[in-house]
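Here are the chains, one letter per residue:
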Amino acid sequence: MLMNSSEIKQYEKDWISFLQHDMQTLQSCVVLLIYEKEYPLSFISYYLQKRKYALTTIDLTEMHNCSDTMLDQLFATTFLGQPRIYLIKNAWDELTSVQQKFFIRLANSYVGPHYCIIPIERSAVVGMNHKQACKIALPSMCNMQEIILFAKQECVSFPIFQKLLTSVFQKSASISFDMVMVLFNYASVISTNAIDEFTECMMPVLLNNKQSLYDLSGAFFAKKSSFFAMWRAIEPMYSIQFWIVFWSDQLMKAAFFIAYKKNGSLQQAKEIGIGLPFSFLNKDWHLYSPQKLVDGYTFLYECDYRFKDNALIKSLDTFFIIFFNKQFD
């Protein structure tokens, strides 16, 4: 019997408990991390950083020729009888239809010997009948009560974090999990004496920044037309010095990432890829060559030189035009 939306919610478990407990305590070999439409990058990143046990991530873009039989063997075979914990790192809409069907079948019937964590869009969960699978509803927006409960156990600088959070909820009824992570990071470096100044000067910028740098960079590398509307909204929030450094960093990391991937140096690629958008790491890197991206980096270096020489006139606009015309591909 297939599960409907109300039944799915009945079996969903608490995301806070998921972050705090070992996989084995969840008493299920399959965990579905259910999200709405946007891949929960910050949640999964935080989970990976805080885990207290060995975990293997699986990038299915590296296994595009992998058959169902090979995946079945992966999840059925142990080394010396030792179970493993696997995390599928790809967003659901970036999987092929064959891969999606495989993981739906896995969630409906898998009973070990390993543990498997699968990020999955909520719309895809309807149609599953394996009620033993542990379903974790990931937060898109969080209320103050659950954030306080989470932060008391996770945030080292909780008193400062709580003051920052209070200032946020004076202007908003809920905030995203991404923003919770941002406040975590700021709470770790802000002194008690600087809280008032920070909330007055920086909090409006943080709250009004509806587009993240990850989203902006993702649209940039994917050459989406939506990039320019996003850029127009977010560009005034940072200085020209920041943007030159930001785009230079993105291009150089991207160039090294592609070079490592093509050379088969996957661990180095993983390390240098930190800070690049998820969509680029999974698929858009195929669109570029390292040398052309280095040419883009050189262009930005010249922009920086002209800026410091008081001769920068719309150079970033020129950079975007050249980039979207595929001259740095």
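Preceding block: the structure.
Below you will find a few notes about this structure. (Residues numbered from 1 in each chain as written. Predicted model: local features only at pLDDT ≥ 70, side-chain atom pairs only at ≥ 80, totals over all residues. Heavy atoms only, no water.)

Attention now moves to the overall build of the chain. From N to C terminus, the chain includes 18 helices and 8 strands. Going through the 329 residues of the chain one by one, you find that 44% of them count as buried. Across the chain, every contact between residues at least 6 apart in sequence was considered, and the portion connecting residues at least 24 apart equals 76%. Counting only carbon and sulfur atoms, one obtains 54% of the accessible surface of the chain, whose full area is about 17500 Å². (Helix = DSSP H or I, 4+ residues; strand = E, 2+ residues; numbered from the N terminus. Buried < 20%, exposed > 50% of the residue type's maximum accessible area, 1.4 Å probe, protein only. Contact = heavy atoms within 4.5 Å. Areas by Shrake-Rupley, 256 points an atom, 1.4 Å probe, with all protein chains shown as cover.)

Turning our eyes to something else, we now look at helix H17 (residues 290-308). For H17, built from 19 residues, the straight-helix expectation of 27 Å at 1.5 Å per residue is met to within 8% by its first-to-last C-alpha distance of 27 Å. Every buried residue belonging to H17 is among Leu 293, Gly 296, Phe 299, Leu 300 and Cys 303, and all of these are buried. Within H17, the buried residues cover an arc of 105 degrees as seen down the axis, which keeps them to one side. Turned more than 90 degrees away from the buried face of H17 sit Gln 291, Tyr 301, Tyr 305 and Lys 308, all of them exposed. Residues of H17 that are buried make contact with helix H14 (240-263) and helix H18 (315-324). (Expected span 1.5 Å × (residues − 1). Arc of directions from axis to C-beta.)

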